[in-house]
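# Geometric and topological summary
Residue strings, one per chain:
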Amino acid sequence: MASSHSSPPVPRPSSSDGIFKKKVDSSAKQYKHVRSLPDVCPKEPTGDSRSLCDGPSVVADQHKWTVYNSKVNLPAALNDPRLAKRESDFFTKTWGLDFVETEVMPSFYLPHITKEHFAPYLQVTTQREKIHEKFKSVCPAKDDIDTIPILSNNHDKSRTDLEQVPKIFMKPDFALDDPLTFNAVLPWSHFSGAGSKGSRDVASSRLLQEKLSHYLDVVEVNIVHQISLRSEAFFHAMTSQHELQDYLRNTFQAVKVLRDRIAQIDKVMCKGSLNILRQALTRNNSIKLYNKMKLMATVHQTQPTVQLLLSTSEFVGALDLIATTQEVLQQELQGIHSFRHLGSQLCELEKLIDKMMIADFSTYARSDLDRPLEDENQVLEEERLVSLVFGLLKQRKLDFLEIYSEEMMSAAKNIVKQCVISTISEIEEIDTEIVVKLADQMRLMNFHQWFELLKCIFVNFIFFLKRVKATLSVIRSVVLLVLDRNQKTKVLDGALADRNPGKSFNTVTEVGYLTHEGMFISDAFSEGEQPSVGAEPRNPRTSYLSSEPCGSDSTSEQECTTESSSSREQTSSSVTPGGVEITINEDMKLTDLELGRVANNIQELLYNASDVCHDRCVKFLMARAKDGFLEKLNSSEFVALSRSVELFVQETEELCGRRSMSLRGALQSQANRFVNRFHEERKTKLSLLLDNERWKQAEVPAEFQDLVNSVADGRISLPEKRATGTEERKPADYLIVDGQKYAVVGTVLLLIRIFLEYCQCVDDIPSIITDMLTRLSELIKQFNSRSCQLVLGAGALQVVGLKTITTKNLALVSRCLQLIVHYIPIIRAHFETRLQPKQYSILRHFDHITKDYNDHIAEISAKLVAIMDSLFEKVLSKYEVKAPMPSTCFRNVCKQMTKMDEAIFDLLPEEQTHMLFLRINASFKLHLKKQLARLNVVNDGGPQHGLVMADVAFYTGNIQALKTLKNLDLNMAEIWEQKR
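Below you will find a few notes about this structure. (Residues numbered from 1 in each chain as written. Predicted model: local features only at pLDDT ≥ 70, side-chain atom pairs only at ≥ 80, totals over all residues. Heavy atoms only, no water.)

## Comments concerning the overall build of the protein chain
Helices and strands together make up the secondary structure of the protein chain, namely 31 helices and six strands. Classification of the 980 residues of the protein chain by burial places 38% in the buried group. In the protein chain, 77% of the contacts between residues at least 6 apart in sequence involve partners at least 24 apart. If you sum the accessible surface of the protein chain, you get close to 58,800 Å²; carbon and sulfur atoms cover 55% of it. (Helix = DSSP H or I, 4+ residues; strand = E, 2+ residues; numbered from the N terminus. Buried < 20%, exposed > 50% of the residue type's maximum accessible area, 1.4 Å probe, protein only. Contact = heavy atoms within 4.5 Å. Areas by Shrake-Rupley, 256 points an atom, 1.4 Å probe, with all protein chains shown as cover.)

Below you can see the structure in the form of structure tokens.
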């Protein structure tokens, strides 16, 4: 089939009538939907554009149809997607690939049509055609307008065809080796039958094959359609690729010519200069051999020199010599057979020096920390300490701080032990032969002796921390000097690198070129700057090994001078804060990060020293507290202990820069126990007072009045005890608070003093404020609840033996409660100024307490009204409207009202008395109104009305005759029913 088809241009549809013709005259409009690729190999702007390639230009002829446009794949021609119908592949799909199309012969039944048949028609349409051509340039062609709809119709058609293909073929992970995919594409369940189903299976398989072939054709047609849309871009890229190959061919030829010329220049101009360099290399090798022999002689004397330095404890010098020798053995003398064991010997020697330095540092720390605290010298043998620290840093033995920490803990323990022994030896009452253990001996001390011992321990620990801080400051100064030197060295190296940026680049370039020739003589160029590098080791520390002068020639002398000056530049002397001068060179194995970590560890060690001292004090405190000694202290003794501990904590914080919390925590736990005992004592005291209280008005001593006055002036504290010789003042009947008189019982006076004791304790020991606030709230609640049980609940009848709870008792309790309510905001403000803002939430206890007290006061008032209410109900139920007037009932009512006034007149203020009697009068009017309604007595001006009004007038006159009720508005008109 391929032999019977040529490669004609692809036919395109010109209209919808099914007639196809070749497009020869192509314009820009024909290709306006196809975007061509850019020219990947543009032509030179000058010269003949056809010199490299005689074919058509992709740039100039991209829109002109040429023979190259006929390069179309044969399947693409057979499956052209632009055809309206698929006539071209209908027979091949049905009858096979062997079918050959032939030209259809003209029909014998149709006449032969020539041009003359159209002559009349052309004569008629010639004029119309001229007019049409005239306006053709103005109006666009209909074909151009319909191009976009045609293309969109073809796109919709291809899209519709693609939708026929199942989605499983379009998945990116489509693979027939997957069993699920294979079964979905080829459902073998349709072919599993046998016998009579054989013909059906054959038909099913043939149908499946036809369906898959159809899917394949649809996909191929769409692929060819996409290729046809981009065919011009493909041909453009292929043409550009051909031009690129021509350019590469010419470039390859030019490079070959250039390399030949370079090879000739190298042969003519470089051979001679290279021979000169070989001679210089030979001379330098001879000098290096001589200097290396001298270096071997110096290295041979390393071990005796190290032994000599160790005999004088010069650890740093010995380590420098060993390090320098090791570096020389690895760099300059590597591979020397006679020195094959020297490196391992030096390593063993270095390990021995490490052990010696650690042992020496341990001995130094022990002797420094165990010497008497009275010694004024803060740092012992500072030069020795600096030398040891520098050597340990050089060897990366950073665990020396742990050794110092262990010695420090042991020394702190010995300080406490020595203080206890020296103090006990001065106390004659303690027999050390009978009581052997120090802890038992210490428990025999009284508070004054024990407290003096504690202060002595605090003073010794302060001296101890000052000594530790001075020693650690020297160690830290050495570390910081080394760190500073490292940073300066880095800055200097960076400045030198910036000063000569191109030197290393040129050397590398020349050495690389000579090595290309097969001669490994790179050392010749490094010797060009320093011709005798081998005369001394490259590291400046090799000056340790220089026992003889350098070579006799001028070059060697110049190198020795340069080497010594470099050594002086990279080795510096620094002075510690104690005035000790140390020499630091660049050979430190520690990085800046490690040195910074060591400096931080030194600071942490100082913090640990403070913690150790606090821990030892805590153990001393707990040893004395085992028998409850600290819980039995009175307030003044515990306050003195607390202040002493706070002073010690502040001094250690100033010395070490961080506050240790262990001692303060131990004191806090003891303070909590002290608070428990303090609170239980006062709670028990209050309970005893309440149980023995007879709820009668007590006299107010002058000292309590002074106490209240000091609180009013803003001094919430207990007054100092007066001298016994002062004049005694008579007690008063009332307690004057802010101008108001308060009749109180003795328990309330003592309760106010207890309040001030709590406030005073909080001022002396601020750490217990929250606990003390909670306990004080509990105490105030206890007074409220217990007084309610004893008075309102009539518990005092059994506890104290009272015959009855009178109205005077109730009024007195109410007034006492009002006094406590008056002091609650003052106490709250006192605690609030000493609390942290985040602790303000616990102040809500005072709000609850105030509410409970006010409720209690309201209940007492209600109880007083209820007493009179029951009396009114009992008396007025027997009331009859008849002479004589005033009636007996009203006489009894007025008598009881007079007794009520006499009972509360001296206890409650006038405002409260008015409010109470208004409530009692309202209750009286209510019962009288009910009785009058029961008796059918109305406000009609009759005889009965007159009698009632006489009783009411008697009642009103008696009530207003009382002391504080002259202006009381009784409003007795409410006893009558309102007329409807």
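## Section: the packing of aromatic side chains
For the structure shown, the criterion picks out 18 aromatic pairs. For the ring pair Phe 447 and Phe 451, a centre distance of 5.4 Å and an interplane angle of 10 degrees mean the geometry is stacked. One end of the pair, Phe 447, and the other, Phe 451, are both in helix α16 (residues 447-499), four residues apart, so they sit about a helical turn from each other. The interplanar angle of 90 degrees and the centroid separation of 5.7 Å between the aromatic rings of Phe 890 and Phe 924 together place this pair among those described as edge-to-face. Placement of the pair is Phe 890 in helix α29 (residues 888-904) and Phe 924 in helix α30 (residues 910-935), with a sequence separation of 34 residues. There is no split in this pair, since Phe 890 and Phe 924 are both buried. Clustering of aromatic rings is evident, with ring pairs tying together Phe 872, Tyr 879, Phe 890, Phe 924 and Tyr 955. The positively charged end of Arg 815 is found above the aromatic ring belonging to Tyr 742, 4.0 Å away from the centroid. Above the face of the Phe 954 ring, Arg 891 is positioned so that its terminal group lies 5.8 Å from the ring centre. (Phe/Tyr/Trp six-rings, centres within 6.5 Å; stacked < 30°, edge-to-face > 60°. Lys NZ or Arg CZ within 6 Å of the ring centre and 35° of its normal.)

## Digging into unusual backbone geometry
With an omega of -5 degrees, the peptide bond between Met 885 and Pro 886 qualifies as cis. Tracing the backbone shows Pro 886 in the loop between α28 (844-876) and α29. Even without being a glycine, Asp 738 presents a positive backbone phi close to 55 degrees. Here Asp 738 shows up in the loop between β5 (735-737) and β6 (740-742). You will see that Asn 936, though not glycine, has its phi angle at about 60 degrees, which is positive. Along the polypeptide, Asn 936 turns up in the loop between α30 and α31 (943-960). Judged by its relative accessible area of 61%, Asn 936 falls in the exposed class.

## Points about the environment of Ser 687
Mapped onto the fold, Ser 687 is located in helix α22 (residues 662-691). Accessibility expressed as a relative area gives 23% for Ser 687, which makes it partly exposed.

## Things to note about the side chain of Thr 302
Note that Thr 302 resides in helix α10 (residues 302-311). A polar contact of 2.8 Å, which involves the side chain of Thr 302, links it to the backbone oxygen of Val 299. (Polar contact = N/O pair within 3.5 Å; in protein donor to acceptor, adjacent residues only side chain to side chain.)

## Looking at a nonpolar patch on the surface
Taken together, Ile 113, Phe 118, Tyr 121 and Leu 122 make up a surface patch of nonpolar side chains, about 430 Å² in accessible area. Along the chain, the position of Leu 122 falls in helix α3 (residues 119-136). Given the relative accessible area of 40%, Leu 122 is considered partly exposed. (Patch = residues over 30% accessible without salt bridge, like charges linked within 9 Å, V, L, I, M, F, W, Y side chains within 5 Å. Salt bridge = Lys/Arg side-chain N within 4 Å of Asp/Glu carboxyl O.)

## Digging into the pattern of salt bridges
The full count for this structure, using the stated rule, is 23 salt bridges. When the shortest N-O distance is used, the salt bridge between Asp 764 and Arg 643 registers 3.2 Å. Note that Asp 764 is positioned in helix α24 (residues 746-764) and Arg 643 in helix α21 (residues 635-656), a separation of 121 residues in sequence. Ionic contacts of the salt-bridge type, sharing partners, join the residues Arg 677, Glu 681, Arg 682 and Glu 757 into one network.

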